[in-house]
Amino acid sequence: MKGLSDIADLDPLEDLLAATARGDKAAFQRLYTLSAPRLYPIVRRLLSVRAAADEVLQEAYVLIWRKAAQYRPEKGRPMAWMATVARNCAIDRLRSEAREPRHLEPWDEAAEAKADPAARPQSPMERVDPSLQKCLAKLPEKQRDAILLAYYHGMTHEELAAHMQVPLGTVKSWVRRGLLQLRDCLD
């Protein structure tokens, strides 16, 4: 029998991913409904063209459908796994278009809200779960910045090193150590 703390930890996305892995189309539709509003801003932040972001989100869900059986609950939460799939699809698109490294520019939220008020973008910290926000706040500033730039702006380690003006190995260490600290904090 599950205890009260076990019930609080249940994530409906885990069950939906498991059902999706078995080919349950209704479960996949529900998974999409629950997760797309959180995945779209990640993709949109990386791809400045709305049509490209829409296409990449669709590609991400095709991959999620095909690879749902690869999700392992012991390695992380479903939303984190799906966010990684979506982010990787967006980065693949950027690389395939052979774009120059992007410069970080502020998102014009007012213009975006006028274009489609229902799809108001969130800042990276607004998209982060409150418990993750607390854990991020405990990280040294350089580690936190490196992680946020990598995961919310799609910067590669090389781009991070150039942007932060530090050696590549330093950036890799910051990201790795920061992610380990976040995992320990969230556990």
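Residues numbered from 1 in each chain as written. Predicted model: local features only at pLDDT ≥ 70, side-chain atom pairs only at ≥ 80, totals over all residues. Heavy atoms only, no water.

Caption draft 1: Expanded view of the overall build of the protein chain. Counting secondary structure elements, the protein chain contains eleven helices and zero strands. Secondary structure elements in the protein chain, listed N-terminal to C-terminal, are α-α-α-α-α-α-α-α-α-α-α. The proportion of buried residues among the 187 residues of the protein chain is 37%. The contacts in the protein chain between residues at least 6 apart in sequence include a share of 62% that link residues at least 24 apart. In the structure as shown, the protein chain presents an accessible area of about 11600 Å², 53% of it carried by carbon and sulfur atoms. (Helix = DSSP H or I, 4+ residues; strand = E, 2+ residues; numbered from the N terminus. Buried < 20%, exposed > 50% of the residue type's maximum accessible area, 1.4 Å probe, protein only. Contact = heavy atoms within 4.5 Å. Areas by Shrake-Rupley, 256 points an atom, 1.4 Å probe, with all protein chains shown as cover.)

Caption draft 2: Layout of the environment of Ala-90. Secondary-structure assignment places Ala-90 in helix α5 (residues 78–96). Under the relative-accessibility criterion, Ala-90 is labelled buried at 0%. C-alpha separation for the pair Ala-90 and Leu-57, spaced 33 residues apart in sequence, amounts to 8.1 Å. Excluding anything up to four places from it in sequence, Ala-90 contacts Val-43, Leu-46, Leu-47 and Val-56.

Caption draft 3: Looking closely at the packing of helix α3 (residues 25–46) against α5. Their axes nearest at 9 Å, the elements α3 and α5 cross at an angle of 40 degrees. Here α5 runs oblique to α3, going by the angle between their axes. Here α3 runs over α5; the crossing is right-handed. Contacts between α3 and α5 involve Leu-31, Ser-35, Arg-38, Leu-39, Ile-42, Val-43 and Leu-46 from the former and Met-79, Met-82, Ala-83, Ala-86, Arg-87, Ala-90, Ile-91 and Leu-94 from the latter. Across the contact of α3 with α5, the residue classes tally to twelve nonpolar, one polar and two charged. (Axes fitted to C-alpha atoms, helices over the stretch in contact; angles between N-to-C directions. Parallel < 35°, antiparallel > 145°, perpendicular 65-115°, else oblique. Left-handed = near helix turned anticlockwise from the far one by under 90°. Nonpolar A, V, L, I, M, F, W, Y, C, P; charged D, E, K, R; others polar.)

Caption draft 4: Summary view of the environment of Asp-184. Along the polypeptide, Asp-184 turns up in helix α11 (residues 168–186). Counting along the chain gives 49 residues from Asp-184 to Cys-135, while the straight-line C-alpha distance between them is 9.2 Å.

Caption draft 5: Main features of the confidence of the model for the protein chain. Put simply, the protein chain has an average pLDDT of 79, and 78% of its residues get 70 or more. The least confident element of the protein chain, judged by mean pLDDT, is helix α1 (residues 4–9) at 40; the most confident is helix α4 (residues 50–67) at 93. Predicted confidence is poor over residues 1–9, with pLDDT under 50, and the contacts of this stretch with residues over four places away or in other chains come to two contacts. In the predicted structure, residues 116–123 sits below a pLDDT of 50 and forms ten contacts with residues beyond four places in sequence or in another chain. (pLDDT = per-residue confidence, 0-100.)

Caption draft 6: Here's a closer look at the pattern of salt bridges. What the rule picks out here adds up to three salt bridges. Between Glu-55 and Arg-93 there is a salt bridge, with its nearest N and O atoms 3.2 Å apart. Of this pair, Glu-55 sits in helix α4 while Arg-93 is found in helix α5, placing the two residues 38 residues apart along the sequence. Residue classification places Glu-55 among the partly exposed residues on the basis of a relative accessible area of 42%. (Salt bridge = Lys/Arg side-chain N within 4 Å of Asp/Glu carboxyl O.)

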